[in-house]
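# Close look at the chain arrangement
The primary structure of each chain is shown beneath.
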Amino acid sequence: MPFDKPQQSEVEAYFDRLFPLLRSITGDGVRKTHDILSELMPLERIEIPTGTRVFDWTIPKEWKCRDAYVIDPQGRRILDVNQNNLHLVNYSMPFRGRLSRKELDEHLYSRPDLPQAIPYVTSYYEPRWGFCLADEQRRALPDGEYEVVIDTDLVDGSLTISEAVLPGRTGLEVLISTYTCHPSMANNELSGPLVSAFLCRSLSVKEDRKLTYRFVLVPESIGSIAYLHLRGRHLVDRTVAGVVLTCIGDRSHLTYKKSRRGDALIDRAASACLRHFDADTEFLDFYPYGSDEKHYCSPGFNLPIGTLMRTPPAKYPGYHTSLDNKDFISFAAIANAVEALQRLMTLLEENETYINLYPFGEPQLGSRGLVSTLSRTENRSAFTVAVKWVLNLADGSHDLLQIADRSNLDPSLIFHAAARCREAGLIAPATSDRTQVARLP
Amino acid sequence: MPFDKPQQSEVEAYFDRLFPLLRSITGDGVRKTHDILSELMPLERIEIPTGTRVFDWTIPKEWKCRDAYVIDPQGRRILDVNQNNLHLVNYSMPFRGRLSRKELDEHLYSRPDLPQAIPYVTSYYEPRWGFCLADEQRRALPDGEYEVVIDTDLVDGSLTISEAVLPGRTGLEVLISTYTCHPSMANNELSGPLVSAFLCRSLSVKEDRKLTYRFVLVPESIGSIAYLHLRGRHLVDRTVAGVVLTCIGDRSHLTYKKSRRGDALIDRAASACLRHFDADTEFLDFYPYGSDEKHYCSPGFNLPIGTLMRTPPAKYPGYHTSLDNKDFISFAAIANAVEALQRLMTLLEENETYINLYPFGEPQLGSRGLVSTLSRTENRSAFTVAVKWVLNLADGSHDLLQIADRSNLDPSLIFHAAARCREAGLIAPATSDRTQVARLP
Amino acid sequence: MPFDKPQQSEVEAYFDRLFPLLRSITGDGVRKTHDILSELMPLERIEIPTGTRVFDWTIPKEWKCRDAYVIDPQGRRILDVNQNNLHLVNYSMPFRGRLSRKELDEHLYSRPDLPQAIPYVTSYYEPRWGFCLADEQRRALPDGEYEVVIDTDLVDGSLTISEAVLPGRTGLEVLISTYTCHPSMANNELSGPLVSAFLCRSLSVKEDRKLTYRFVLVPESIGSIAYLHLRGRHLVDRTVAGVVLTCIGDRSHLTYKKSRRGDALIDRAASACLRHFDADTEFLDFYPYGSDEKHYCSPGFNLPIGTLMRTPPAKYPGYHTSLDNKDFISFAAIANAVEALQRLMTLLEENETYINLYPFGEPQLGSRGLVSTLSRTENRSAFTVAVKWVLNLADGSHDLLQIADRSNLDPSLIFHAAARCREAGLIAPATSDRTQVARLP
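Every chain is numbered independently, its residues counted from 1 as its sequence is written. Going through the entries in the order they are written, you letter the chains from A and number the ligands from 1. Two thresholds apply to this predicted model, a pLDDT of at least 70 for residue-level local features and 80 or more for giving and counting side-chain atom pairs, whereas whole-chain, interface and lining totals are computed over all residues. Side-chain figures throughout are based on the complete set of non-hydrogen atoms in the structure, without hydrogens or water.

With that out of the way, let us pick up the overall build of chain A. Numbering of helices and strands runs from the N terminus; a helix is a DSSP stretch of H or I covering at least four residues, while a strand is a stretch of E covering at least two. Tallying secondary structure elements over chain A gives 12 helices and 19 strands in all. Projected onto its principal axes, the C-alpha coordinates of chain A cover approximately 95 × 45 × 35 Å. Whether two residues are in contact is decided by their heavy atoms, any of which lying within 4.5 Å being enough. In chain A, 81% of the contacts between residues at least 6 apart in sequence involve partners at least 24 apart. In the form shown here, chain A has an accessible surface area of approximately 16,600 Å², with 46% of it arising from carbon and sulfur atoms. A distance of 4 Å separates the average location of the 50 positive side-chain charges in chain A from that of its 57 negative side-chain charges. The Shrake-Rupley method, run with a 1.4 Å probe sphere, supplies the accessible areas, and residue values consider only the shown protein chains as cover. Counted as positive: Lys and Arg. Counted as negative: Asp and Glu. His and the chain ends are not counted at all. A single reference atom marks each charge: NZ on Lys, CZ on Arg, CG on Asp, CD on Glu.

Printed below as a string of C-alpha cells:
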C-alpha cells in the first residue's frame, strides 16, 4: 500500500488560507475552514441546532462577530479583532461603552510570564466580554477614557461538524478525530486538520480498503460530545481503532498517548509502528484530560482510541497564545506525521492472525525460495529471521503485531515475511473457513 | 476525619512509666504494662491458662521473678536484675549455688561484637538459667568463687492478652497487633504499644466509624498463636485489613512490609498513603520471619495483614541489647507514625468504588463549580485533574485507591475530589441499591 | 544425589578421538562418532532410510566421501579433505575435471573477514560441489590449470540417530538432545555430545530415578525433524522438561535460552539453578532460530525444552570455521557444564508441591531440632530462613522452585530445608493420598 506523501509547499498553502479565519466552537469561521478542507477530503456537514441536549450538555447559541476594538484616550484603534483575532475573548457578549482605564482593566487578559504574547481566552458558557493583549501593551495603556466596541451576536443557530467516510470491505471502522475551533493559532489548531486532511486524501485513493475510515472535524469538547451523542452507538459497535490528532506540527518528536484500555489494537499497532518509524517517539499512558480522547475514552464509551501529537497540549510555553504561530510549526513535521499515520493504518489494514500449515518442525524454506540453499554464516538475513518468527508464532493465538512485538523486529518486515509465507502456502488466516490445520500422526 | 495528634511529652511520660517493667511472655510485668496502657485504650484482658494447647504449641508455665543477682569473689553484688532486667536470661529456672569463674562462664551471654551492650536472651521452652552482660564486664570478671541467686518460679498460671475493640457500622474489621513481652528495651518493645495506644485513643473519639478496629497486645509469637487459636475463625471471616506494629520508634524512615498476599487492600492502601506521606518510605515484599505477621500470614490464615515499622527487627546494631534504649528512639517519630496510621485508616474508612452517573463524555464541571468557567491555561489545578481521574475511572471496577495509584496523585486529593463529585451528584457508590446507571441511547 | 564429575583428561581423550572424523548429516562418520560415545552412554541406533518422508522433508541420500583434493598448476595437492575435512563443501557431488583458475574460483568459498579461517559450508539439498579455504590461500592461487578430484557418492542409505534411555519410576521424561553432524569443529559440534555423554554416564548410576531421561544424538535440523516424526506423539505425551545442548564448551559463561513457553518447568528450574550455580549466567528469551530447539519448539510441538550453551551459535568470530578448534574450547568448561546439568536434573527430580500440615501459625521448630531453643540474634541461619519459607509457602500452590524464586534463596538450600521439614512431619506432598490437611476449628 504505497502512499503519496504531501508536498510541504502544498501543506503550507492550505495553512496560509486557513490561519486568518476567526474560528470558534460555532459559526462561519468553522464553516469556511471546512469548506477549504473539503478540497482534500469528502466532507459532509452536520449542523446541530442551538438548544439541542447532548448528554449533560446543551448546544450553545451560535456566535457571530462582526467587529471588535477599543479606542484609546488618544483616539487610536487598538485591540482590533481584525488585526489579530486573539484580541477578543472568544464568545464575548456584545458591548458598547466608555470606560475608565481602571474599569477597562477588569476585562483585560494578559500573561505577565509571557509579556509579548496575546493569550487565547474563551468564555463559552458564562456571559462575559473581554480583550486579550500582550502584558507589555497592557502595562503601557495610559489613564483616560476608552471606548469599547464589541459588535457580536449570540443567536439561535447551530454547531457544525463535518465527517468524511471512506468505506472499506468490512464493517469495521477506524476513527480519526481532530478539532477546528481555535482562531489564529498554528500547532494547537491547524496541525491536526492538515494532517487529517492529507491522510484522508492518500487513503481515499487506495483501491481495496479492508477497514472503513471515518474522519471527523469537530469543535473540541462540545463537538466530540455532540458527535458521540449522534454516532455513539454506531462507534461502539464498529470502531476497532482510532486516533485523536492534536498539536502534531511542532518540531519535537512524536508522542503517542495510549487509549484508556492501554492494550487496545491501536495501542499495540502504534507501539509496533512508531518505535521503528522514529526511535525518539514517546509513549504515554492514558490520562483523562488533553483533547477529545477524554470524551471518546470516558467510561460510558471507553473507545479504543489513542492520541497522536508531538508536544502535548499545555506542555510548550506558547500554548494558547499568539506565540503558537507559523514560525513555531514545521511543514516537514506535518508531512512526517502523515507518513507515520499511513504506516500505522497499513498495520491496521494488514494485521492478521495466521495458522502455520506445516507446524511440525521448521518446514523447508530453501525449496520455497525463502532462504538460500547454500548454508553459510553470512546468510541469516533479517528477512529469514522474520520468516522464522512468523512461522513459529503462527499458531492462531498471535497476530502479526504480537509477533513484531515479541521479535522486536520492524513490523513492516514481519508483515512482509508473513505475506511471502502466505504466498508460499505455509500459513493461512486463522479465521478462514478453508484453513486445514495439520494434525500430528 | 481530623485526628488529635499525641503530644510528644505525653508519649514520653508513658514511655518512662513502662520502660522499667520486667516483661516476659507471661507474668505480672505484662499485666502492669496493660494496666498502664488501658488509660489510653479500652483494653479487656484475656488470660489463657498454662497447659492450654494452642495449635502446635502449649501455653507455658507462668514465670515469676522475685530477685536475681551474682556475688563476685570480692563480695560485690553484680548482674542484678533490679539494676537492669536484661541481666537475667528471660525465663531462667530458679537456682542458688556457688560456682567457679569457669563454671559460671557457661551460663553467661555477651556480645564480643558489641562489647558495651548487655544482650537480651530468652529460653522459654528449654529449662536453662543464665546471665547477660557487657562483654567488657565479662572479660574483667576475676577468678574465684561466685555466688548465684536466681529467685524465680515457673508456676501454673496464665498467658495474658489484651484487646480493645472499637465497634463500627459494618461487621468488617481492621486488626492492629503489637507485642508486650520484652523487658527494658525501647524500640523493640515500647514503640509498638505506644503507637497502637495513641492511635486507638484518636480513633475511639471518631463519631461514625465504618470499620470495627480491633487492637491487640500479645506476647510475641506464642501470644499471637494463642490469639489466633481463640479468634482465628472470627478474624478470617471479618478482617479486611490489618497491620503489625514493630520497631516503629527509631529515627529512620517508615518501612511497610506487604502481607503475604502482596496485593491486599492494606497493601494497596499503604502504598497509596505512605508514598505521599513520606517519599522516603520503603516497601518490602513479604517474608515469613520478623514479628507476628509470620503467624497471621501463615498459610492456614493468610490474613490481609502488613507490617509497619521503621528499621526492621535485627537490622539495627543495638537490636535485642541494652543499646535499644530511650536515646535510640524519638518521640517525634512515634507521633509521626501515629499520624501515618491515622491517614492510612482514613483511606480504609473512605475507600469506595463509584459509578459515574454521567459516563458519556465529560459532564459539565463549570456549572457544578468543579472548574472555572473561564478557560485559561493556568486553570488546570491539581483538584480539577483529580476530578477528571475520578470521573474517568468511576466505572464500578476501580476503587479510589486504584484511581490514586493509576493517577499517581496523593490519595487524599483523589478522595477529596470523589467527595466533591459525589456531593455534586456526578458519582454514586457502585454498591448502592439506588444507583441508576446511565444507558447509551 | 551426589554425582561423579568427569575428569578433564578423560573428556579430552574422547575429544581427540572424535575430532578428526568427517561427519555430515548422514554416513559413516556419524556412525563412528556414535560408536565411540556408546562407551559412555547406552546408545541404541535408529536408521531412517533415504526417501522417507518426515513432515515437510525427505530423508536425503547418504553421502560417502572417499577422497577429495585439487592439484594446482605446479602439481601440488591442495585443499585435501584428508588434511582438513572442512576443505570440501559438505555433500559435494562427485566431480573430476580440469579447470582454469577462474572456473575453479566459482566453486571456492572463503571468508575475507577471517583471512586465515577455512569456512564450513554445506549444500545438502541442492547438488553442488566446492572447496573451502583460507582467503589468504585463495588470493595466492596462481593462474593456470587445476585438476579437481571429488570422489564422493550420494547413495540410497539411511540417516543415523542414536538414543539412550535411562528409565525412571514414573512415565515422565526429560529429553536431552544434541547433534553430531559437523566435521572437525570443536565447540559447535563436540561440546554438546561430550557434555551429554558424561551427564548420561553420571545419571545412569543413580539408583532411584523419578524421571526417565532420554538422550538423543541427531544430525541437526533434518535429524531432529526425523526424530520428532518418529517419537513426536510420545514426546508430547511424556516430556516434562528438556534441553538442547549446543556450543557449550567455550570459555564464556553459561547461557540459558528459554523454551518457547517461557515459563515451563525447565525454564523455572534453569532460572533457579543457574543463577546460583554461576551468577554470570545469562538468560535469553526464546527465538525461533539457533539449534534444534526451533523444531522442538515449533508450534505443532511446543515442547517444554530450553537450550543450554555458552556463547550462542554464530555469536563468536570463528563460528563455522576452522578457528572453532581445540584451542577455542576448555575441558574445564565442559566438566562445569556437566555439573550444572547434574544440579538442574536434581531440581527436576526433587521438585515437589507440599502441604504444610501445621498451617496455623508457625509450628514449633526448636522442639523438632530445626532452630536453636536459645533465642539470640545471631541464631537466624540461612537454613532457618529457608525452613520458614518452605513452611509459609507449602500451601499446595507453590512448588519448591517457586519457593526458591520468591525467597531468592539458593534452591539447594530450599530443597534441603523441605527434606528436613518432611522428615520432621511438618509437610507432605500435596499429591499424596494420605496427606491430611489441617482444618481451622
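Each of the two chain copies goes to the other by way of a rotation about an axis and a shift along it. Between chain C and chain A, the superposition needs a rotation of 120° and an axial shift of 0.1 Å, giving an RMSD of 0.1 Å. Those values place the two copies in the arrangement expected of a three-fold rotation axis. Measuring from the rotation axis to each C-alpha of chain C, the shortest distance belongs to Asp263(C), at 13 Å. Superposing copies: least-squares fit, C-alpha atoms only, residues required to have pLDDT of at least 70 in both.

Quick look at the pattern of salt bridges now. The salt bridge criterion pairs a side-chain nitrogen of Lys or Arg with a carboxyl oxygen of Asp or Glu, the two atoms within 4 Å. Going through the model one piece at a time under the given rule, you end up with 120 salt bridges over all chains. The salt bridge partner of Glu349(A) is Lys206(A), with a shortest N-O separation of 3.9 Å. Highlighted residues: Glu349(A) in helix α9 (residues 331–350) and Lys206(A) in the loop between α5 (186–204) and β12 (212–218), separated in sequence by 143 residues. One exposure class covers both Glu349(A) and Lys206(A), and it is buried. Here Arg76(C) makes a salt bridge to Asp72(C), at a shortest N to O gap of 2.9 Å. Only protein chains enter the calculation, and the probe is 1.4 Å; a residue is then buried if its accessible area is under 20% of its type maximum, exposed if over 50%, and partly exposed in between. A relative accessible area of 48% places Arg76(C) in the partly exposed class. The exposure class assigned to Asp72(C) is buried, which follows from its relative accessible area of 4%.

Right, let's talk about the confidence of the model for chain A for a bit. A residue's pLDDT is the confidence the predictor assigns to it, expressed on a 0 to 100 scale. Residues at a pLDDT of 70 or more form 97% of chain A, whose mean pLDDT is 95. Our summary of model confidence lists the complex with pTM equal to 0.92 and ipTM equal to 0.93.

So, on to the interface of chain C and chain A. At the interface, 31 residues of chain C touch 27 residues of chain A. Note on terms: buried area is the combined drop in 1.4 Å-probe accessible area of two parts once they are placed together, counting the loss on both. Here chain C meets chain A over a buried area of about 2,700 Å², counting both sides, of which 55% is carbon and sulfur. Taken together, the links from chain C to chain A amount to 3 salt bridges. Side-chain atoms alone can form a polar contact between residues adjacent in sequence; in general such a contact is a pair of N or O atoms within 3.5 Å, and within protein one must be able to donate a hydrogen while the other accepts it. Counting across the interface, chain C meets chain A through 11 residue pairs in polar contact (both at pLDDT 80 or more).

We now examine the interface of chain B and chain A. Interface size is commonly expressed as the accessible area that is lost once the parts come together. Of the residues lining the interface, 27 residues belong to chain B; the matching set on chain A comes to 30 residues. Of the roughly 2,700 Å² buried between chain B and chain A on both sides combined, carbon and sulfur atoms contribute 55%. Linking chain B with chain A are 3 salt bridges, by the criterion used here. Between Asp56(A) and Arg368(B) there is a salt bridge, with its nearest N and O atoms 2.7 Å apart. For the interface between chain B and chain A, the tally reads 11 residue pairs in polar contact (both at pLDDT 80 or more). Here the element with the most residues in the side of chain B that touches chain A is helix α10 (residues 382–393) of chain B; it accounts for 6 residues. When the residues that make up the side of chain B that touches chain A are grouped by side-chain class, the tally is 11 nonpolar, 8 polar and 8 charged. Side-chain classes follow a simple rule in which Ala, Val, Leu, Ile, Met, Phe, Trp, Tyr, Cys and Pro form the nonpolar group, Asp, Glu, Lys and Arg form the charged group, and the remainder, Gly included, forms the polar group.

Let us look at the state of the cysteines. Throughout, disulfides are identified as pairs of cysteine sulfur atoms within 2.5 Å of each other. This model, assessed by the stated rule, comprises 0 disulfides over all chains. The thiol sulfur of Cys273(B) is not disulfide-bonded, and the nearest other cysteine sulfur, from Cys200(B), lies at 19 Å. Here Cys421(B) is not disulfide-linked; the sulfur of Cys297(A) is the nearest cysteine sulfur, at 19 Å. For Cys421(B), a relative accessible area of 0% puts it in the buried group.

What follows concerns helix α12 (residues 411–423) of chain B. All names here are of chain B. Taking 1.5 Å of rise per residue, the 13 residues of α12 would be expected to cover 18 Å, and the 18 Å separating its terminal C-alpha atoms lies within 8% of that figure. Within the span of α12, buried status applies to Pro411, Ile414, Phe415, Ala417, Ala418 and Cys421. Around the axis of α12, the buried residues are gathered within 160° of arc, so they sit on the same side. Those residues of α12 hidden inside the fold are in contact with α7 (265–277), α9 (331–350), β17 (353–356), α10, α11 (400–407) and β19 (427–429). Taken from the residues just after α12, Gly425 is the one with a positive phi, measuring 75°. Multiplying 1.5 Å by the helix residue count minus one yields the expected span of that helix. Throughout, the arc means the angular range of directions from the helix axis out to the C-beta atoms.

Our focus in this paragraph is the packing of aromatic side chains. In this scheme Phe, Tyr and Trp rings, the latter by its six-membered ring, pair at centre separations within 6.5 Å, and the angle between planes marks the pair as stacked below 30 degrees, edge-to-face above 60, and tilted otherwise. Here the structure, examined in full by the defined rule, presents 48 aromatic pairs over all chains. Geometrically, the ring pair formed by Tyr316(B) and Tyr319(B) is edge-to-face, given 5.6 Å between the ring centres and 90° between the ring planes. Looking at Tyr316(B), the relative accessible area reads 6%, which means it is buried. The interplanar angle of 25° and the centroid separation of 5.7 Å between the aromatic rings of Trp63(C) and Tyr91(C) together place this pair among those described as stacked. Of the two residues, Trp63(C) is situated in strand β4 (residues 62–71) and Tyr91(C) in the loop between β5 (77–78) and β6 (95–100); the sequence distance between them amounts to 28 residues. Through a chain of ring-to-ring contacts, three or more aromatic side chains come together here, namely Trp57(A), Trp63(A), Tyr91(A), Tyr124(A) and Tyr125(A). In our convention, an over-ring charge means Lys NZ or Arg CZ found within 6 Å of a ring centre and within 35 degrees of that ring's normal. When the ring centre of Tyr287(C) is taken as origin, the NZ or CZ atom of Lys257(C), which lies over that ring, is 3.6 Å away.

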